Every structure is written in C-alpha cells, then in structure tokens.
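So you can see what is in the structure, the chains are spelled out below.
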Amino acid sequence: MPEKRVFCLEKDLLSSQDLLEGIIESATDAIVAINEEHRIILYNLAAENIFGYRVEEALGQDLALLLPPSVARKHRQYVEEFLKTGHSPVLGRIMEGKARRKNGEIFPVQISRSATRINGHWVFTAIVRDISTQKEMEKRLLQSEKLAAVGMAVSRIVHEIKNPLIAIGGLVLSLLKKEEDPEKKKKLELIFREVQRLEKLLSDISDFAKPLKLDLKKTDIVSLCQEALEVYRPRLEEAGIEVKFLAPSQKIELPIDESRFKEVLFNLLQNALEAMSDGGGTLELEIRPEEEKVLIFVRDTGPGIPEEALKQLFTPFFTTKKRGTGLGLSISLKIIEAHGGRIYARNHEKGAEFIIELPYQTEDP
Ligand code: ADP
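Just so it is clear, the model here is predicted, and its values are computed rather than measured.

A. Inspection of the site of the ligand at higher detail. Lining the immediate surroundings of the ligand are 18 residues, of which Asp 300, Thr 319, Thr 320, Lys 321 and Leu 329 lie closest. Within the side chain of Asn 271, a nitrogen or oxygen atom sits 2.9 Å from an oxygen atom of the ligand. With respect to the ligand, the backbone of Gly 328 contributes an N or O atom lying 3.4 Å from an oxygen atom. For the ligand, the protein covers 92% of the area, taking 530 Å² as the surface of the free molecule. Taken together, the elements giving at least two residues each to the shell around the ligand come down to helix H8 (258-275), helix H10 (328-338) and strand E12 (351-359).

B. Up close: the pattern of salt bridges. One pass over the full model with this rule turns up 26 salt bridges. Linking Glu 230 and Arg 233 is a salt bridge whose minimum nitrogen-to-oxygen distance equals 3.0 Å. With a gap of 3 residues between them, Glu 230 and Arg 233 both fall in helix H7 (residues 221-238), about one helical turn apart. The partly exposed category is assigned to Glu 230, whose relative accessible area is 37%. A relative accessible area of 23% means that Arg 233 is categorised as partly exposed. Measuring nitrogen to oxygen at the nearest pair gives 3.4 Å for the salt bridge that ties Arg 342 to Glu 357. Placement of the pair is Arg 342 in strand E11 (residues 342-348) and Glu 357 in strand E12, with a sequence separation of 15 residues. When salt bridges with common partners are traced through the structure, they connect Glu 284, Glu 286, Arg 288, Arg 299, Arg 346 and Glu 353 into a single cluster.

Reading the values: rules and limits
Residues numbered from 1 in each chain as written. Predicted model: local features only at pLDDT ≥ 70, side-chain atom pairs only at ≥ 80, totals over all residues. Heavy atoms only, no water. Near = heavy atom within 4 Å. Polar contact = N/O pair within 3.5 Å; in protein donor to acceptor, adjacent residues only side chain to side chain. Areas by Shrake-Rupley, 256 points an atom, 1.4 Å probe, with all protein chains shown as cover. Helix = DSSP H or I, 4+ residues; strand = E, 2+ residues; numbered from the N terminus. Salt bridge = Lys/Arg side-chain N within 4 Å of Asp/Glu carboxyl O. Buried < 20%, exposed > 50% of the residue type's maximum accessible area, 1.4 Å probe, protein only.

So, in structure tokens, the structure goes:
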C-alpha cells in the first residue's frame, strides 16, 4: 500500500471528527464506503441525492444495491481478490463505469476508489461522480456533428440528382407539347407529374439538410397570414372547404423571415386541405395576440390526428400519406424554432389544430 501522504499544518486537525464529517457531508460527489463483506458502512448526503436511497435504506446493504448486477458481481470479485493478494487493478485510478439509482435507472459515473486499513480491517471507499449530464451533452454534440456530416452528404446527392431531373422534366414537357396521340400524351403526363414530385422531394430534403439562416424583418403577421391564405383560397374552395379568417383589425409587427414563415403556413394549409379533401369542411386561420406572444391557429374539420401519430408528427420522414414525404412539419418546426417560437398540434372537437406561438421579440439565432 502507498505510504500516507496527507499533511496538515494544524496538528490535531486530521484526527478531528468534525473536519472529516464536514468534508464528507458537504462533498458534491457521492462518498460510499464498504467493509470486507461488501456492505455499505458509509454513505453521504450527495450519495442520497445521486442514488435516491436515504442513508437508513443504504447502510448495511450489499453494495449491489447501487450497481447494475453484472458490475456488482465484478466488484465483489475485485474485493475478494484484494483481500487475498493485497492488489486490485481498480484502486487509486479514476475510472468510468455504471451505477444504478433507486428508480432502476442505470447511469454513467466516474469513480475513484481507495482502500484503508482501520483497526485490522479493510475499508474500501469510492468517490462517485454522476456524469450523466456530461455524457448526454457529449452524445448530443456527436449527434449534431454526425447530422452536419449527413447534411453535407445529402446536399451533394441532391445536387447531383436535381440537375438531370430538371433536364428530364424539360424534355418531357417539350415532347408533351408536340404529342398528338392521347395514349402517349397520358404516359408523358404521368412521367412529368412524377418528375415534379421528385423535384419537390429533393427541394424538401435539401431544405431540411441545410442549416437555417433567417432574414428577419419587422413584418405585419396579420397581412402575412392573409396573403398566404389568399394563395390557398382557390384550392380550398374548389375542394368544397369554407375558409374563415379570424384576426384583429390592427397590425401586429414581429421580426419574421417572411418567405420561410409563409412556407410554414403553406405546409399547414396543404395538410389541412389534404385532411379535408374527401368531404369538404371548414378551415379556420386565427391570429390571437397575447401579452408576450402571438398565437396562430390553423384548424380543420378533417379526421383529426390519431393519438400515436401526435407524438411523431414533427419527426422527419413521418408520414401517413401514400405520396407524402413526411418533411413538411419537421421543416416547419425548424423554421418556427429558429424564430424563437413553438409549434404543436392537438385535436379539437371536429378535427386537427396546429398552433404556432411567436414571441414579440426574437433573439437572433
Ligand atoms: P406529409 O404531409 O408529407 O405526410 P408532414 O410532415 O406535413 O408530411 O405531415 C406529417 C403527417 O402528419 C401527415 O402524414 C399526417 O399523418 C399528419 N398530419 C399533418 N397535418 C394533419 C392534419 N391537418 N390532419 C390530420 N393529420 C395531419
């Protein structure tokens, strides 16, 4: 065992019970000590916070209480080996491992262990730091780096496909104009529609993969919503859908990227149109100013959203439509969050309702 290397200017300080208790009690890392039988004999306040067991629940229990079963087995072997040989590979080193909370959650920890001989018996002490937040942040960072790499790859692929696709679309269109035979015309029209669909899919994908840069300008949200609705009105009315616009008469100015915000409204209006395409209904676009934010509601009287789908609506590529891309709402979420706002969906008594919340002040992302 290494010789003792603790020095103190005040002679009696080291043997002072108060000092030791103070250190153990105020430590922000868990301090847990076990005896030769692997039972917990010391357990501080931070251990209570980290593991969730109160000191009365932990003292006297096997250390297995705080460890996942496989780790507990290994730990017991280390202790037995040390008692036989006086050596252990885990003593005196800072290591990362797994521990278990009272609620069953297994979480990452950083541990440093030591062994001390007291009154002829060994006491093994571990200082345990909960590193779950740190690990989560590392994971997110890695995830966003990976996403950035995927984004770049996607942009390249989209670029490679887009140009030939545009050429194919142009050629088909020129053939279509000249074609007299109705049978062949029908086939060319079909090709053209599919090409258009792929072009839209590619532009959605590249939109999704690109980092979002907003061009924020003070914009009247009331007239912006009205303009977007007017673009959609003919399509809605043709499908037998009644259109209602409920908005205050005065201007409401917010820092907005006009074209990106319109894109969100178009996505919501298109979804509402598709939801009511079978039997008509009512579309309501409402703007409601509140104290700190403006709420924009897009309501339809379609079939509504099934409970399981509600959780996934904004996940990229989630679609229940035969020809959907599942990107509209995830792009909308990205745009609204970049404005410092929120977007979410719920069902109302007759259909689906999408709500956008926009703050009056947007911090530049
Ligand atoms: P897409 O329209 O290509 O499927 P979106 O991201 O716009 O992609 O929508 C994802 C899914 O959300 C849709 O497939 C649909 O299941 C659901 N959804 C969106 N809007 C509505 C709505 N107004 N009513 C019912 N379901 C909706």
